[in-house]
Amino acid sequence: MYKKKLLYLSLAACMMGMTPNVNLHAEEKTAIVQDQAQSETSTEVAETPTNDAHVEESSTETTTHQKHETHKKETHKDKKKKKTKKTKQEKKSKKNKKKKVDNKKKKNKKKYNTEQQSIKTYAEMSLEKKNHKEYVGSYVYFNQADEAWNHSGLSIHSAGCGPSAIAVCITNLTSKWVTPVDVASWGSQNGYYSSAGSVHEGIPAMVEHFGLQCEGAGTDYEKIKAALKNGNFVIGLMGPGYFTNGGHFITLVEIDQDDQVTVADVGSRRRSQFKYALKDVIGESKAAGAGGPFWIVRSNKNTDVIKEKKVSKLSKGIKKIEKKKKIDHKKETLKNKEKIRDQIIHSFYLETTNDMNDFEKKLPLTVVYTGTKRLSTDTEHHSKINQHIEKLAKELNDPYLLQVAKEYDFGSDNVNSGQGTIAFNLVTYLSSGATEYQVN
């Protein structure tokens, strides 16, 4: 503003032919003072800004608007990106969720199919158990935890000690194949058994349903002993102690001359391997109703036999029974001998394999266990296989095999000797079941 006024004054002075040097300065000062006063008055009164201010303000508004528009675009892009990213994450999350659901369905379907298959094949599993029976001594044994009994929804693993103990009695005393599932199923249908276990009244009820006699013996030592001596079984309810921490049914199957009882503990194979003093078993029993905690289980057949023995031990029927028992005993003895023999041979192979030298481990087993006849008895042994064969021969009480161990070279000795004369195949000999075997 001031520069414009000075410019106007200079132009006016030129037009009037005046020299503005000194006066110009004076007038400039006056004009500046007046102009300042007008400017102050104008600033206090004016409500509308000057054109320059308006232009500047408009420019500022335009710039701000542009920035705002740019910011809006950028924000929109960011939102779009975030939305796209979120959409991808959601899709991925949905996909993963769907995958988990599918996997869960597959798993459940597989589990369902497995359960269905197990239920369908119970008869097959039962038959397999029947063909490969377990024994405690010479008595058939059931274990409540076996897979064959635990696909029926009857909770036999956790609560089926009662039905399992009864099944031991029935199967042994009647020669019928009655499993824990058979007993638990009938007991469940008639209110004597559930996932909580067996009620005390259920023991005589379930026993008698399957054609056996049941008599409560309480804790009468002499009564329980006499029952076992006469070939009967006794079911016992045990309390906290060696057999259980709560309550558990077991079966007493036999008693010896020292009053040591053989027990079929349906909850433990390990505990079934030992004998126990009858007084200790009675001492660990749990109080029970319905004639318990011990119940004598006998068959009508056994009762008839006992009566027949009292009438005449020399009767024809008794002779047949005794003869049958002898034959059965002989078969059982032979079966036990074969079992012992197999265990000895199995141990021999394990020990020999562990004791082979590095060279022998590389040889085929047919070579390792094939011996060649030694020309000289003074030959030094480098292989330990001959020592193991000597030990095997002594355990099997086989003099012929002992002679072989002394006259033939096996393992690395056989290979190094290079004699190739008469050969002896140990594996063939052991698997043939030769009559030379005699197990003490």
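Higher on the page you've got the structure.
Conventions adopted
- Residues numbered from 1 in each chain as written.
- Predicted model: local features only at pLDDT ≥ 70, side-chain atom pairs only at ≥ 80, totals over all residues.
- Heavy atoms only, no water.
- 1 Å grid on protein atoms, 1.4 Å probe; cavity = no way out; pocket = protein on both sides within 12 Å on 5 of 7 lines; lining within 4 Å.
- Points joined across faces, edges and corners; volume = space filled by probe spheres on them.
- Nonpolar A, V, L, I, M, F, W, Y, C, P; charged D, E, K, R; others polar.
- Core = buried A, V, L, I, M, F, W, Y, C linked by side-chain atoms within 4.5 Å.
- Buried < 20%, exposed > 50% of the residue type's maximum accessible area, 1.4 Å probe, protein only.
- Helix = DSSP H or I, 4+ residues; strand = E, 2+ residues; numbered from the N terminus.
- Contact = heavy atoms within 4.5 Å.
- Patch = residues over 30% accessible without salt bridge, like charges linked within 9 Å, V, L, I, M, F, W, Y side chains within 5 Å.
- Areas by Shrake-Rupley, 256 points an atom, 1.4 Å probe, with all protein chains shown as cover.
- Salt bridge = Lys/Arg side-chain N within 4 Å of Asp/Glu carboxyl O.
- Lys, Arg positive; Asp, Glu negative; His and termini not counted.
- Charge placed at Lys NZ, Arg CZ, Asp CG, Glu CD.
- Pairing = 2+ DSSP bridges.
- Axes fitted to C-alpha atoms, helices over the stretch in contact; angles between N-to-C directions.
- Polar contact = N/O pair within 3.5 Å; in protein donor to acceptor, adjacent residues only side chain to side chain.

Caption draft 1: Representation of empty space enclosed by the protein in the model. Tallied over the full model, the rule gives one cavity of 30 Å³ or more. The space that makes up the largest cavity amounts to roughly 60 Å³. Lys-129, His-132, Lys-133, Glu-134, Tyr-141, Phe-142, Asn-143, Asp-146, Trp-149 and Trp-177 are the residues that line the largest cavity. Of the residues belonging to the lining of the largest cavity, the class tally is four nonpolar, two polar and four charged.

Caption draft 2: Structural context of the nonpolar core. Core analysis: the biggest nonpolar cluster contains 41 residues, and Ile-166, Val-183, Phe-233, Ile-235, Phe-249 and Val-297 have the highest contact counts within it. For this core, the secondary-structure elements that each account for two or more residues are strand S2 (139-141), helix H5 (156-159), helix H6 (161-174), helix H7 (180-189), helix H8 (202-209), strand S6 (233-238), strand S7 (248-255) and strand S10 (294-298). Discounting chain neighbours no more than four positions away, the residues touching Ile-235 are Ala-165, Ile-166, Cys-169, Ile-203, Val-207, Phe-249, Ile-250, Thr-251, Pro-293, Phe-294, Trp-295 and Val-297. Core analysis: the next-biggest nonpolar cluster, separate from the first, contains 21 residues, Phe-348, Met-356, Leu-363 and Phe-424 among them.

Caption draft 3: Broad picture of a positive patch on the surface. On the surface, Lys-130, Lys-133, Lys-335 and Lys-339 cluster together into a patch of positive charge. Among the secondary structure elements, Lys-130 is positioned in helix H4 (residues 122-131). The partly exposed category is assigned to Lys-130, whose relative accessible area is 37%.

Caption draft 4: A look at the side chain of Asp-146. Residue placement: Asp-146 occurs in the loop between S2 and H5. Judged by its relative accessible area of 11%, Asp-146 is buried. Beyond its immediate chain neighbours, meaning those up to four positions away, Asp-146 contacts Lys-129, Glu-134 and Arg-269.

Caption draft 5: Summary view of the sheet that holds strand S8 (residues 260-264). In spatial order, the strands read S5-S10-S6-S7-S8-S9; together these six strands make up an open sheet with antiparallel pairing. A single partner strand is all that each edge strand has here, and the edge strands are strand S5 (213-218) and strand S9 (275-277). Each strand axis lies, on average, 35° off the axis of its neighbour in the sheet, ignoring direction. Bridge count between S7 and S8: four bridges; the pairing is antiparallel. Its bridge partner being in S8, Ile-255 is matched across the sheet by Val-261.

Caption draft 6: Representation of the environment of Thr-353 in the model. With respect to the helices and strands, Thr-353 occurs in helix H12 (residues 316-354). Along the sequence, Thr-353 and Ile-385 sit 32 residues apart, while their C-alpha atoms lie 9.0 Å from each other. Not counting residues within four places of it along the chain, the set of residues in contact with Thr-353 comprises Lys-361 and Tyr-369. At 2.7 Å, the side chain of Thr-353 and the backbone oxygen of Tyr-349 are in polar contact.

Caption draft 7: How the structure looks around the side chain of Asp-265. Here Asp-265 is to be found in the loop between S8 and S9. Polar side-chain contacts of Asp-265 include one of 2.6 Å to the side chain of Arg-271. Excluding its chain neighbours within four sequence positions, the residues that come into contact with Asp-265 are Tyr-141, Phe-243, His-248, Ile-250, Arg-271 and Ser-272.

Caption draft 8: Spatial organisation of the environment of Glu-407. Within the secondary structure, Glu-407 sits in helix H16 (residues 399-407). Taking the C-alpha atoms as reference, Glu-407 lies 8.4 Å from Thr-372; in sequence the two are 35 residues apart.

Caption draft 9: Geometry of the pairing of strand S11 (residues 370-373). Relative to strand S13 (residues 423-425), S11 runs antiparallel, the two being bridged by three bridges. Following the sheet pairing, Thr-372 is matched in S13 by Ala-423. With two bridges joining them, S11 and strand S12 (residues 408-409) adopt antiparallel strand pairing. The residue bridging Lys-373 from the neighbouring strand is Tyr-408, located in S12.

Caption draft 10: Representation of the pattern of salt bridges in the model. Evaluated as defined, the whole model comprises 12 salt bridges. Here Lys-225 ties to Asp-259 by a salt bridge, and the two come within 3.4 Å at their closest N and O atoms. Placement of Lys-225 in helix H9 (residues 221-229) and of Asp-259 in the loop between S7 and S8 is noted, with a sequence separation of 34 residues between them. Accessibility expressed as a relative area gives 22% for Lys-225, which makes it partly exposed. Overall, the relative accessible area of 13% leaves Asp-259 in the buried class. Here Asp-256 ties to Lys-275 by a salt bridge, and the two come within 3.4 Å at their closest N and O atoms. Of the two residues, Asp-256 sits in the loop between S7 and S8 while Lys-275 sits in strand S9, which places them 19 residues apart along the sequence. Shared partners join several salt bridges into a network, and the residues in it are Lys-129, Glu-134, Asp-146 and Arg-269.

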